[in-house]
Amino acid sequence: MKVFLSVAAVLIALLGGAWLFVPEAMLGRWGVQTDAVGVFVGRRYGTMLLGYAMILGLARSSGPSPARTAILAGGAFVTGLVTLVSVGGILTSTVGSGAWISVAVEGLLAAGFASFLTVGRVARDSRVGS
């Protein structure tokens, strides 16, 4: 899990940094207008991603606990939901096909969070039943 959370933190930090420092490029890749409002919203999104990356990075060495379970559940929820929103944006032509790269990364992260969340629950349940 430590490796997964480290990789997730780095990927999300890179994404957050890109949205914060070059939102025009990120919006352009998605085929979205780069007006002042879009750039502002992109930068706000970038700061949120950087904060999320910090949480994941700091949690990477934590042992089994309710807090780690909450981080994994939140990660699965957030990345799963943003994947669905991104797919919806592509299917409705709100954003361009350049968003498929983000869908792939977001979907893999969602699967990873869900997998570690499930593995932790299965391990706890097997100990309780013993």
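Figured I'd write up the structure that's included with this text. Since this is a predicted model, take the numbers as computed values, not measurements.

### Notes on a nonpolar patch on the surface
Part 1 of the argument: A surface patch of nonpolar side chains, amounting to about 440 Å² of accessible area, comprises Val-3, Val-7, Leu-11, Ile-101 and Val-105.
Part 2 of the argument: When residues of the nonpolar patch are traced back to their parent elements, those giving at least two are helix H1 (2–21) and helix H5 (100–128).
Part 3 of the argument: With three residues, the top contributor of residues to the nonpolar patch is H1.
Part 4 of the argument: Note that Ile-101 resides in helix H5.
Part 5 of the argument: Relative accessible area serves as the criterion here: at 58%, Ile-101 is assigned to the exposed category.

### Looking at the nonpolar core
Part 1 of the argument: If you look at the biggest cluster of nonpolar residues, it comprises 24 residues, and the most contacted ones within it are Ile-12, Leu-56 and Phe-113.
Part 2 of the argument: Those elements that place two or more of their residues in this core are H1, helix H2 (23–29), helix H3 (36–59), helix H4 (66–91) and H5.
Part 3 of the argument: At seven residues, the largest contribution of residues to this core is made by H1.
Part 4 of the argument: Beyond its immediate sequence surroundings of up to four residues, Phe-113 is in contact with Phe-4, Leu-5, Ala-8, Tyr-52, Leu-56, Leu-72, Gly-75, Ala-76 and Thr-79.

### Description of unusual backbone geometry
Part 1 of the argument: Of note, the phi angle at Ser-93 is positive, near 65°, even though the residue is not glycine.
Part 2 of the argument: Its location among the elements puts Ser-93 in the loop between H4 and H5.
Part 3 of the argument: On the basis of relative accessibility, which here comes to 62%, the residue Ser-93 falls in the exposed class.

### Description of H1
Residues that lie three or four places apart on an α-helix share one face, since the helix turns once every 3.6 residues.
Part 1 of the argument: Along its 20 residues, H1 runs 28 Å from first to last C-alpha, staying within 8% of the 28 Å computed at 1.5 Å per residue.
Part 2 of the argument: Those residues of H1 not exposed but buried are Phe-4, Leu-5, Ala-8, Ala-9, Ile-12, Gly-16, Gly-17, Ala-18 and Trp-19.

### Side note on the environment of Phe-116
Part 1 of the argument: In this structure, Phe-116 sits in helix H5.
Part 2 of the argument: Residue classification places Phe-116 among the partly exposed residues on the basis of a relative accessible area of 26%.
Part 3 of the argument: Once residues within four sequence positions are removed from consideration, Phe-116 is found in contact with Met-1, Phe-4 and Leu-72.

### So, the packing of H3 against H4
Part 1 of the argument: Remark: H3 packs on H4, axes separated minimally by 11 Å, with the N-to-C direction vectors making an angle of 145°. Along this stretch, H3 crosses H4, giving a crossing that reads as left-handed. Together, Tyr-45, Tyr-52, Ile-55, Leu-56 and Ala-59 of H3 and Ile-71, Gly-74, Gly-75, Val-78, Thr-79 and Val-82 of H4 make up the contact between the two elements.
Part 2 of the argument: Among the residues making up the contact of H3 with H4, the classes are represented as eight nonpolar, three polar and no charged.

### Brief notes about the packing of aromatic side chains
Part 1 of the argument: Following the criterion strictly, the structure yields four aromatic pairs and no others.
Part 2 of the argument: Judged by centre distance (5.0 Å) and plane angle (80°), the rings of Phe-4 and Phe-113 are edge-to-face. Here the residue Phe-4 occupies a position in helix H1, and Phe-113 occupies one in helix H5, the gap between them amounting to 109 residues. The exposure classification of Phe-4 matches that of Phe-113, with both residues buried.
Part 3 of the argument: An angle of 70° between the planes, with centres 6.4 Å apart, marks the rings of Trp-19 and Trp-30 as edge-to-face. Of this pair, Trp-19 sits in helix H1 while Trp-30 sits in the loop between H2 and H3, placing them eleven residues apart in sequence. The burial state of Trp-19 is the same as that of Trp-30; both residues are buried.
Part 4 of the argument: Feature note: the residues Phe-4, Phe-113 and Phe-116 constitute an aromatic cluster, connected by ring pairs.

Calculation criteria
Residues numbered from 1 in each chain as written. Predicted model: local features only at pLDDT ≥ 70, side-chain atom pairs only at ≥ 80, totals over all residues. Heavy atoms only, no water. Patch = residues over 30% accessible without salt bridge, like charges linked within 9 Å, V, L, I, M, F, W, Y side chains within 5 Å. Areas by Shrake-Rupley, 256 points an atom, 1.4 Å probe, with all protein chains shown as cover. Salt bridge = Lys/Arg side-chain N within 4 Å of Asp/Glu carboxyl O. Helix = DSSP H or I, 4+ residues; strand = E, 2+ residues; numbered from the N terminus. Buried < 20%, exposed > 50% of the residue type's maximum accessible area, 1.4 Å probe, protein only. Core = buried A, V, L, I, M, F, W, Y, C linked by side-chain atoms within 4.5 Å. Contact = heavy atoms within 4.5 Å. Expected span 1.5 Å × (residues − 1). Axes fitted to C-alpha atoms, helices over the stretch in contact; angles between N-to-C directions. Left-handed = near helix turned anticlockwise from the far one by under 90°. Nonpolar A, V, L, I, M, F, W, Y, C, P; charged D, E, K, R; others polar. Phe/Tyr/Trp six-rings, centres within 6.5 Å; stacked < 30°, edge-to-face > 60°.

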